[in-house]
Each structure stands twice: as structure tokens, then as C-alpha cells.
Amino acid sequence: MTSKMEKLWAYQQADMDAFRLQREMSQSPKRIKLVQSREFLLKQKNVIEKIGADVLQMADRIDAVQGALNDLDRQMKALQQRFEESKPQDVETAREWMNEVKKLAKDIVDFEKELKNIQKKSNDRNKQEYDVRINAARVKQEFNQLKAEYEPEREEQVKRHQELLRIAEKMAAEVDAELLKKYNVIKQHVMPPLAMLKNNQCGGCDMSLPSVTLSEFDSSKDYVECANCGRLIIK
């Protein structure tokens, strides 16, 4: 291994230390639980807002239906007064008046049925909101408790991660610029970007290298590229 590749290899060790700690932080059971709880609370907030909007819409409809019922009641009273003050002059007129009564009565029944249905739905929404708030309050309490437990651990990990990044950054300054650029490109799709040659295989993906590729090491090349995973292979 040449001096250039030794420096790149040493940098990769430091870079991988930072990478592994970052992955460990992201996969922390406490962090995952906190993220899940936060997402749950956000969903419950949206549910409560939706319930509130539904209840307001129902309240507007209740007002409209109640207004319609009041108007129908006035019409019915007016019709009754007409019956009391004057009798229909013929059968046809009597039939027309009775049809008016039937229509008003049907409209009243329909609106009362709608009003009762809306009120039931409104009560159901209010109960649903109560249940959602109770459940969300419980999860919020658990979230706050878990966050208080996790915060010191997270702060220590962040501090350690920053230190590892500083070490890696310092070592990166000694790596050949072109090699470092190639390393960072490979890093975007596979980690680690650098692998050792083992039994004529890529130490990263275990792919056997063809003889023509292996022969490139004999031509004083610092590394070869794995055709399978794209890693830089050194020996």
C-alpha cells in the first residue's frame, strides 16, 4: 500500500467511526420512540382540527335546519289559522289546503330527522375529540418523560460525533485531493468506499476480480475499482 493510500485508508477509519456513531444515534430505540410519538401527536393534532371543523360545519347546519323548522312552524300555524277563520269553499280548495298541510308536515318530519341525525353526529365527534385528547395527553406525557431521559444521552453522543468529525476532517486534509473526491463520490452509494483485496476478491462485496483487473496491481497502480460495487480496492 502506497503512502497516498495509507493516508486514505486511515482517513476512512476515522470517517467510518463518525458514520457508525451517527447510524447508532439514528437507530437509538429511544430516538425512534420519540420520533414515532412526535408523529403520532402531530396526527392527533390534525384529527382534532378536523373534528373541530366538522363540528363547526354541523353547528352551521343545525342553525340552518332550526331556522327552517321555525319557518315551517310559522307556516303551519298560519295554515291552521286559515282553517279556523274560513272554511274551504269547495272540495278542490279543501284538497289543496290538505296537501299543503301534508307537505308542511312531511318537511317538518324530514328536518327534525336531519336535526336529530346531525346532533347525534356532533355528539359522536365531541366524544371522539375527548378520547383523542385523552390519548394524546398520555402520549405527550410519555414523550416528555422519554425526552428528558434521552436528552443527556443525545448531547453526549452529539459531542462525541463532533469530535470524531473533527478528527476525520483533520486527517482528510492530508489525503490526495483527487482520491478524496473519488472517495466522497463512492460514499454516496456505498460504505465504506475503500476495501482491501482478499483472496483475489473485493473485501467489500466479496466479488471475485478478473485476472485482467488483478494484473493492474502489477502495473504500479495504487488501486483498482470493483466493477460490482464501485469500491476502490487496495492491497
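Scope of this entry: the structure provided in the associated data block. (Residues numbered from 1 in each chain as written. Predicted model: local features only at pLDDT ≥ 70, side-chain atom pairs only at ≥ 80, totals over all residues. Heavy atoms only, no water.)

**So, the environment of Arg-95**
Residue placement: Arg-95 occurs in helix H3 (residues 91–172). We classify Arg-95 as partly exposed; its relative accessible area is 44%. Along the primary structure Arg-95 and Ser-3 are separated by 92 residues, whereas in three dimensions their C-alpha atoms are 110 Å apart. (Helix = DSSP H or I, 4+ residues; strand = E, 2+ residues; numbered from the N terminus. Buried < 20%, exposed > 50% of the residue type's maximum accessible area, 1.4 Å probe, protein only.)

**As for the side chain of Gln-12**
Of note, Gln-12 is situated in helix H1 (residues 3–26). Classification of Gln-12 as buried rests on a relative accessible area of 3%. Aside from chain neighbours lying at most four places away, what touches Gln-12 is Tyr-183, Pro-192, Pro-193 and Leu-194. (Contact = heavy atoms within 4.5 Å.)

**Here we look at unusual backbone geometry**
Trans peptide bonds make up most of the peptide bonds, and negative phi angles are found at most residues other than glycine. Residue Pro-192 is bonded to the preceding Met-191 through a cis peptide linkage, with omega at -5 degrees. Locating Pro-192 in the fold gives a position in the loop between helix H4 (177–187) and strand E1 (194–198). In this structure, Asn-199 takes a positive phi of about 55 degrees despite not being glycine. Structurally, the position occupied by Asn-199 is in the loop between E1 and strand E2 (201–202). With relative accessibility at 74%, the residue Asn-199 sits in the exposed group. Here the phi dihedral of Asp-206 falls at roughly 65 degrees; this positive angle occurs in a residue that is not glycine.

**Here's the deal with the packing of helix H2 (residues 29–85) against H3**
Running from amino to carboxyl end, H2 crosses H3 at an angle of 160 degrees, the nearest separation of the two axes being 6 Å. One way to sum up the angle between H2 and H3 is to call them roughly antiparallel. Like other packed secondary-structure pairs, H2 and H3 cross with a definite hand, here left-handed. Here the contact of H2 with H3 is built from residues that sort into 31 nonpolar, nine polar and 19 charged. (Axes fitted to C-alpha atoms, helices over the stretch in contact; angles between N-to-C directions. Parallel < 35°, antiparallel > 145°, perpendicular 65-115°, else oblique. Left-handed = near helix turned anticlockwise from the far one by under 90°. Nonpolar A, V, L, I, M, F, W, Y, C, P; charged D, E, K, R; others polar.)

**Observations regarding the pattern of salt bridges**
Evaluated as defined, the whole model comprises 22 salt bridges. In this structure, the salt-bridge partner of Lys-45 is Glu-49, at a minimum N-O distance of 2.7 Å. Residue Lys-45 and its partner Glu-49 are both found in helix H2; the two are separated by four residues, about one turn of the helix. Owing to a relative accessible area of 45%, Lys-45 belongs among the partly exposed residues under this scheme. With relative accessibility at 46%, the residue Glu-49 sits in the partly exposed group. Two residues, Glu-151 and Arg-154, come together in a salt bridge whose shortest N-O distance is 2.8 Å. Highlighted residues: Glu-151 and Arg-154, both in helix H3, separated by three residues, approximately one helical turn. The class of Arg-154 is partly exposed, set by a relative accessible area of 31%. Several salt bridges converge on common partners, so that one network encompasses Lys-50, Asp-54 and Arg-125. (Salt bridge = Lys/Arg side-chain N within 4 Å of Asp/Glu carboxyl O.)

**Considerations on H1**
Over its 24 residues, H1 runs 35 Å from end to end, which matches the ideal 34 Å to within 8%, given 1.5 Å per residue. Taken residue by residue, H1 has Met-5, Leu-8, Tyr-11, Gln-12, Ala-14, Asp-15, Met-16, Ala-18, Leu-21 and Met-25 as its buried positions. (Expected span 1.5 Å × (residues − 1).)

**With respect to the state of the cysteines**
All told, the structure shown has zero disulfides when counted by the stated rule. Summary of cysteine pairing: Cys-226 is not part of a disulfide, and the nearest cysteine sulfur, belonging to Cys-205, is at 3.6 Å. The buried category is assigned to Cys-226, whose relative accessible area is 4%. (Disulfide = S-S within 2.5 Å.)

**Digging into the nonpolar core**
In a soluble, globular protein the nonpolar side chains are often hidden away together inside. Formed by 16 residues in total, the largest nonpolar core has its most connected members in Met-5, Leu-8 and Tyr-11. In contact with Tyr-11, not counting residues within four places along its chain, are Ala-168, Met-171, Ala-172, Val-175, Leu-180, Tyr-183 and Asn-184. With eleven residues, the next largest nonpolar core counts Ile-62, Val-65, Leu-72 and Ile-108 among its residues. (Core = buried A, V, L, I, M, F, W, Y, C linked by side-chain atoms within 4.5 Å.)

**What about the sheet that holds E1?**
Consider a sheet: its strands pair through backbone hydrogen bonds, and that pairing is either parallel or antiparallel. Ordered by their spatial adjacency, four strands build an open sheet running E2-E1-E4-E3, and the pairing between neighbours is mixed. Looking at the sheet topology across the chains shown, the edges are occupied by E2 and strand E3 (224–225). Where E1 and strand E4 (residues 232–234) come together, three bridges link them in parallel fashion. Bridge assignment links Leu-194 to a residue of E4, and that residue is Leu-232. (Pairing = 2+ DSSP bridges.)

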